[in-house]
Each structure stands twice: as C-alpha cells, then as structure tokens.
Amino acid sequence: MALFSRVYFNAVFGALGGLLGWMLFGAFADPHTSDNRQWLFGGALIGASIGYFVVSVEAIRDRSLVRFCHLASYGVVLGAVGGAIGMWVGEKVNFQLVGAIGRREGTMPLLATMLARGLGWMFLGLAVGVSEGIAARSLGKLSYGTLGGTLGGFIGGAVFGWLYLSAIEQSPNTSDLWGILGGAVGLIILGASIGALSALVQGVFQPASVRVVRGWQEGREYPLVKNQNLLGRDELADVALFRDMKIEKRHAYIRRERNSFILVNNDAPAEQTQVNGEPVRVSHDLEDGDRIQLGGVVLRFQRRAAQARKRKH
C-alpha cells in the first residue's frame, strides 16, 4: 500500500503539472507557429511545470516549506531544460517521419506521431529524474528516477501524440474544443506518467526503506537510497520526522555499508534512540523488521529483498 500511495501522489501531482503546463503554453506560447524559439519556450513552460510538481511532491506531503523550495527549484530549472529539448526533438522527429511516409490517413502517420512525441518527451522524463537525484544528492535516486522518468516520458509522450493527432483529425483548428481537449488531456497524462513511473521504479528497486508505524505521517514510507540517510526534524532530512520535540533536528543516520544497514546515533539521547526496545548509544546493525524508535515515533526497517520473498510466499 505504501508503494501504491507513493505512485498515486506522484501521478496526481504530475497530472497537475501537466495541466498547469498546458495553461501556461496556451497563454504565453503560440502553438500555431513553426518558429523553433516558440517551441523551445513552450516546451520549457511545460517541463518546468511538470518538474515543479513531481520533484517537490515529497516535500508537499511532508508539509515542509523549506524543503519544497529546495526541491522545486531543481525541478523547475532542469524540467524546463528537458521540456525545451523534448518539444524541439518531438517536432523535428515528427516532421521528418511524417514527411518520409507522407501525410495520409491510416496507421503509419499515427505510429510516427506517437514515436516522435514519445522520443521527444522522453528527454523531459529524463530531466525530471535527474533533478530528483541531484536535489536529493543521491546516486541511487538519480539512477532509479532517471529510468522511471524516461519510461514515463516515452509512454506519456506516445499517448499525448495519439490524443493530439486524434483531436486534430476531429478539428484541424487547434483552438477549437477538440484541439484544446486533446492537448490538455495529453499533457495531463504525460505528467501523470512521468510522476507515476518515476515513483514505481524507485519503489521496486530501492534497497531498503523505513515505514512510520506510530506517530505523525503514520503509514508513510521513506526509501533509503543514499549511503547515509538522515533522520530527524531537519527540513532537509531524508526521513523527515516533524512535530515530536523529543527528536533532534539531526537525530540519527541509517548508513549503508555494502549489503548492511546500520543505525548511527548522532549524539542524541540514547533513551530516545532505540532498536527493538534497546537504547542505541553509538550504532546498531539493522535487520529486516526491526522497530526503530526515535522519541515517540516508531519506524519499521524493511529490506527490499526480504519484502520480495514475503510477497512470493
């Protein structure tokens, strides 16, 4: 359920980014022009909007303004770059493919448009994944997010191409209702695909996670994709545990050493740092299912390999 929740939130906020991108594109860019600068500008608006929401969704869920500003800035800048490249590539590839096969009705023009848009928006998904990894300073998050974002960009872009072309066939004038709906729905699906696939791939491949079983944000799962993951009330903590004043801002770390995970006390009171009811003064090796208590918050440590074995049985 935790993975489903993460995918759901990423998809919803990605869809909101796509909707905002469509609105900004319609307001500030000219969809009827063949000017490359207009396509680059319009793509940047769409990419910035989707990146803004997808990259900052974790901070929104944690209700952390500082973290939101930090993550959103990466999403906007790199999303804009990826969106501009994606829109330009999509237009160029679509022009070349359609020109090669001819503008005739049938399956081939549709497949060509879907392929062109998929390849183009793939760059946006890649940029969103890269921005997530850079913002988190995590090589693991960068690789998983990039793979998921790229897949989401290609799939969402192909669906966008299909919807947009179908809308144009209904009404060649893109300012009519069909053209507007085709572009809007297509970008909503594009944003949702990038957000959902990014979260799904990270959830499937993350080596371990901690899940809140008691305390604020109960049921929330935090992936452990860095070599050193900070737990505490700090706005930029990897596992953000707000609202409990018994938890220090930089309370503890979960450190990964090859295939092992170790809870390291960062000078916090030992009685407020426990594993399975035992105080941790310096460090403690973690096993799947261990209960970590920091202040009044209880977390359960979960290894991906162990979780996969449980699902099989």
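Keep in mind the model is a prediction, meaning the values are calculated, not measured.

Draft legend 1. Representation of unusual backbone geometry. Non-glycine residue Arg 63 carries a positive phi angle of around 55°. The backbone of Gln 217 shows a phi angle near 65°, a positive value even though the residue is not glycine. Inspection of the secondary structure assignment puts Gln 217 in the loop between strand E1 (208-214) and strand E2 (221-223). For Gln 217, a relative accessible area of 18% puts it in the buried group.

Draft legend 2. A look at the packing of aromatic side chains. For the structure shown, the criterion picks out ten aromatic pairs. Relative to Phe 53, the ring of Phe 13 has its centre 6.4 Å away and its plane inclined at 25°; by these criteria the two rings are stacked. Here Phe 13, found in helix H1 (residues 2-28), pairs with Phe 53, found in helix H2 (residues 36-62); they are 40 residues apart in sequence, far enough to count as distant. Like Phe 53, Phe 13 is buried.

Draft legend 3. Quick look at the packing of H2 against helix H4 (residues 107-136). Viewed as axis vectors pointing N to C, H2 and H4 meet at an angle of 40°, and their least axial separation amounts to 10 Å. Taken as a pair, H2 and H4 cross one another with a handedness that is right-handed. Together, Ile 46, Gly 47, Ile 50, Gly 51, Val 54 and Val 55 of H2 and Trp 121, Leu 124, Val 128, Ser 131 and Glu 132 of H4 make up the contact between the two elements. Each residue belonging to the contact of H2 with H4 can be placed in one class, and the counts come to seven nonpolar, three polar and one charged.

Draft legend 4. Quick peek at H2. Between its first and last C-alpha, H2 extends 40 Å over 27 residues, near the 39 Å set by a 1.5 Å rise per residue. Remark: the principal bend of H2, roughly 55°, maps to Ser 56. Where burial is concerned, most of H2 is hidden: 20 out of the 27 residues are buried. Taken from the residues just after H2, Arg 63 is the one with a positive phi, measuring 55°.

Criteria and thresholds
Along every chain, residues carry numbers that run from 1 in the direction the sequence is written. Residue-level local features of this predicted model are given only where pLDDT is at least 70; pairs of side-chain atoms are given and counted only at 80 or more, and the full residue set underlies all totals for whole chains, interfaces and linings. Values reported for side chains reflect all heavy atoms of the structure, with hydrogen atoms and water molecules removed beforehand. In this description a helix means any DSSP run of H or I spanning at least four residues, a strand means any run of E spanning at least two, and both kinds are numbered starting from the N terminus. Residue burial is assigned from relative accessible area. The probe radius is 1.4 Å, only protein chains are included, and a residue is buried under 20% of its type maximum, exposed over 50%, and partly exposed in between. Any two of the Phe, Tyr and Trp rings considered here, Trp counted by its six-membered ring, make a pair once their centres fall within 6.5 Å; the pair's planes then place it as stacked at under 30 degrees, edge-to-face at over 60, or tilted in between. Think of each axis as a best-fit line through the C-alpha atoms, taken over the contacting stretch in the case of a helix, with angles from 0 to 180 degrees between the N-to-C directions. Take the far helix as the reference: if the near one is turned anticlockwise from it by less than a right angle, the crossing is left-handed, and if turned clockwise, right-handed. Note on contacts: a residue pair qualifies if any of its non-hydrogen atoms lie within 4.5 Å across the two residues. By the convention adopted, Pro, Cys, Tyr, Trp, Phe, Met, Ile, Leu, Val and Ala count as nonpolar, Lys, Arg, Asp and Glu as charged, and the other residues, Gly among them, as polar. For a helix, the expected span equals 1.5 Å multiplied by the residue count minus one. Axes are fitted to the seven residues ending at a residue and to the seven starting at it; the angle between these axes is taken as the bend at that residue.

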